Amino acid sequence: MDTDFRSRYTFWTSIVGGFFTWLPTFTTQSQIQRYNAVPTLRESRLTLFFNTCGMILIMLLCSWIGLILFANYYNCDPVTTKTITSSDQLLPLFAIEVLGRYPGLPGLLLAGLTCGSLSTVSSTLNSTAAIITEDFVKYYKPDLSEKQLLIISKTISITSGIVSFALVFVIAEINKTVNISPFSTMLHGTLLGPIFGAFCLGMFFPISNELGTFLGLISSIFLTAFTGLGNIFAGLAGKLPDQRLSLRTDGCTLVNQTGENIYEFEKTLTAFSRFSDWKQMHQQDSFLLKIWSISYVWQPAVGV
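Residues numbered from 1 in each chain as written. Predicted model: local features only at pLDDT ≥ 70, side-chain atom pairs only at ≥ 80, totals over all residues. Heavy atoms only, no water.

Details of the overall build of the chain
Now for step 1: A count of helical and extended segments in the chain gives 11 helices and 2 strands.
Now for step 2: Moving toward the C terminus, one meets the helices and strands of the chain in the order α-α-α-α-α-α-α-α-β-β-α-α-α.
Now for step 3: Put simply, the chain has 304 residues, and 26% of those count as buried.
Now for step 4: Residue pairs at least 24 apart in sequence account for 70% of intrachain contacts in the chain once pairs closer than 6 positions are excluded.
Now for step 5: Within the structure as shown, the chain displays about 20,400 Å² of accessible surface, and the carbon and sulfur contribution to it stands at 68%. (Helix = DSSP H or I, 4+ residues; strand = E, 2+ residues; numbered from the N terminus. Buried < 20%, exposed > 50% of the residue type's maximum accessible area, 1.4 Å probe, protein only. Contact = heavy atoms within 4.5 Å. Areas by Shrake-Rupley, 256 points an atom, 1.4 Å probe, with all protein chains shown as cover.)

Concerning the packing of aromatic side chains
To describe a pair of aromatic rings, you give the distance between the ring centres and the angle between the ring planes.
Now for step 1: Per the stated rule, a full pass over the model turns up 7 aromatic pairs.
Now for step 2: Centre to centre, the rings of Phe19 and Phe20 are 5.2 Å apart; their planes meet at 90°, and the pair counts as edge-to-face.
Now for step 3: The class of Phe19 is partly exposed, set by a relative accessible area of 46%.
Now for step 4: Taking the centre distance of 5.8 Å and the plane angle of 55° together, the rings of Phe226 and Trp292 count as tilted. Of this pair, Phe226 sits in helix 8 (residues 210–236) while Trp292 sits in helix 10 (residues 287–292), and the two are 66 residues apart along the sequence.
Now for step 5: On the basis of relative accessibility, which here comes to 41%, the residue Phe226 falls in the partly exposed class. (Phe/Tyr/Trp six-rings, centres within 6.5 Å; stacked < 30°, edge-to-face > 60°.)

Re the side chain of Thr13
Now for step 1: Along the chain, the position of Thr13 falls in helix 1 (residues 11–22).
Now for step 2: Within the structure, the side chain of Thr13 is placed 2.6 Å from the backbone nitrogen of Thr10, a separation counted as a polar contact.
Now for step 3: Leave out the neighbours within four places in its chain, and Thr13 touches Ser7, Arg8, Gly18, Ser295, Val297 and Trp298. (Polar contact = N/O pair within 3.5 Å; in protein donor to acceptor, adjacent residues only side chain to side chain.)

Description of helix 4 (residues 90–99)
Now for step 1: Along helix 4, the positions that sit buried rather than exposed are Leu90, Leu93 and Ala95.
Now for step 2: Lining the buried residues of helix 4 we find helix 3 (41–73) and helix 5 (105–140).

What to know about a nonpolar patch on the surface
Now for step 1: On the surface, Ile195, Phe199, Met203, Phe204, Phe205 and Ile207 cluster together to form a nonpolar patch covering roughly 690 Å² of accessible area.
Now for step 2: Along the chain, Phe204 falls in helix 7 (residues 180–204). (Patch = residues over 30% accessible without salt bridge, like charges linked within 9 Å, V, L, I, M, F, W, Y side chains within 5 Å. Salt bridge = Lys/Arg side-chain N within 4 Å of Asp/Glu carboxyl O.)

Some remarks on unusual backbone geometry
Now for step 1: In this structure, Lys82 is a non-glycine residue whose phi angle is positive, near 65°.
Now for step 2: Along the chain, Lys82 turns up in the loop between helix 3 and helix 4.
Now for step 3: Classification of Lys82 by relative accessible area gives exposed; the value is 69%.

What to know about the nonpolar core
Now for step 1: Core analysis: the largest hydrophobic core is formed by 5 residues, namely Leu69, Tyr73, Ile84, Leu90 and Leu93.
Now for step 2: Contact partners of Ile84, with chain neighbours within four places excluded, come to Pro78, Val79, Gln89, Leu90 and Leu93. (Core = buried A, V, L, I, M, F, W, Y, C linked by side-chain atoms within 4.5 Å.)

Regarding helix 3
Now for step 1: The end-to-end C-alpha separation of helix 3 is 48 Å, in line with the 48 Å expected for 33 residues at 1.5 Å each.
Now for step 2: Where helix 3 is concerned, the buried positions are Ser44, Leu69 and Tyr73.
Now for step 3: Elements that come into contact with the buried residues of helix 3 comprise helix 2 (29–35) and helix 4. (Expected span 1.5 Å × (residues − 1).)

Here's the deal with the side chain of Asn231
Now for step 1: Along the polypeptide, Asn231 turns up in helix 8.
Now for step 2: Owing to a relative accessible area of 13%, Asn231 belongs among the buried residues under this scheme.
Now for step 3: Within polar-contact distance, the side chain of Asn231 engages the backbone oxygen of Trp292 at 2.7 Å.
Now for step 4: Apart from residues lying up to four places away in sequence, Asn231 is in contact with Met186, Leu240, Trp292, Ser293 and Ile294.

A short note on the packing of helix 3 against helix 4
The relative placement of two packed helices comes down to the angle between their axes together with the axis-to-axis distance.
Now for step 1: Two elements in contact, helix 3 and helix 4, have axes separated by 11 Å at closest approach and are oriented at 70°. With respect to helix 4, the element helix 3 is oriented roughly perpendicular. Read as a crossing pair, helix 3 and helix 4 show a hand that is left-handed. From helix 3, Ile65, Ile68, Leu69, Asn72 and Tyr73 reach across to helix 4, where they touch Leu90, Leu91, Leu93, Phe94 and Glu97.
Now for step 2: Here the residues of the contact of helix 3 with helix 4 sort into 8 nonpolar, 1 polar and 1 charged. (Axes fitted to C-alpha atoms, helices over the stretch in contact; angles between N-to-C directions. Parallel < 35°, antiparallel > 145°, perpendicular 65-115°, else oblique. Left-handed = near helix turned anticlockwise from the far one by under 90°. Nonpolar A, V, L, I, M, F, W, Y, C, P; charged D, E, K, R; others polar.)

Looking at the environment of Asn75
Now for step 1: By the element assignment, Asn75 lies in the loop between helix 3 and helix 4.
Now for step 2: For the pair formed by Asn75 and Asp250, sequence separation is 175 residues and the distance between their alpha carbons is 6.0 Å.
Now for step 3: What Asn75 contacts, discounting residues up to four positions off in sequence, is Arg248, Thr249, Asp250, Gly251 and Cys252.

Re the confidence of the model for the chain
Now for step 1: Here the chain averages 79 in pLDDT, and 88% of its residues register 70 or above.
Now for step 2: Mean pLDDT in the chain bottoms out at strand 2 (residues 261–264), which sits at 42, and peaks at helix 3, which reaches 87.
Now for step 3: Counting interchain partners and residues more than four positions distant, the pLDDT-below-50 stretch residues 255–273 has 29 contacts. (pLDDT = per-residue confidence, 0-100.)

Here you go:
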């Protein structure tokens, strides 16, 4: 029950931080247009209920997969042995090692991941085109016909898709120094946290006006950007606490191309004792560095 906000994964980050991490996703245009696609309010609530149940199941499975990966690689860290270049590649590596002997199964896993990504991207591109067309194009060009608006909307969707594809190469470079999962959650919290805060402001404080909401939104984005960018650059400089669990390489076995054992490591090549004493090591950190050290899971809550 660690209450230190710098601790990356605790009971509180999972329950409270996770609540604020996932709730803003239900206030995006891609989600709201799904609510409007069903005929009644009751059915909208049912979709939210089933979606919540599915998300809980998915997160439990992801946590279980994480435990399996650690149990499988705790005594032979693939990153340390240069088998892979980033911890984000652990799951594909595990899938190849376990399912590689069964033809088609690794490809099926890859196809599932790709399909899931494409479904998310398609709805996001659709919602982006809808927002720009409805809120900006129609506002500044109210005399456009429906056919013209349709062409503009498709153009925006295609352009957004090209930009999204180009960002793949940017993310590939970022992944060389920063793990994608914390980075994406940080970016998610920096942008969606303030938007969710604006929704809450409108629901619980009806007296709020457009100017106050806009100023609050901008202030929140600047605050989350300050903490988020500070976390990234401090991490690149090696100033943040290293909270990774202890890993070893004494269980590694070198093999040649025929699969025959060459030799086994007889002693521990890499043994880290980082997780237990990181608080003591960073006890004298400055106040600003402690702010930047706050777990990325709390970033959406900071935005709200």
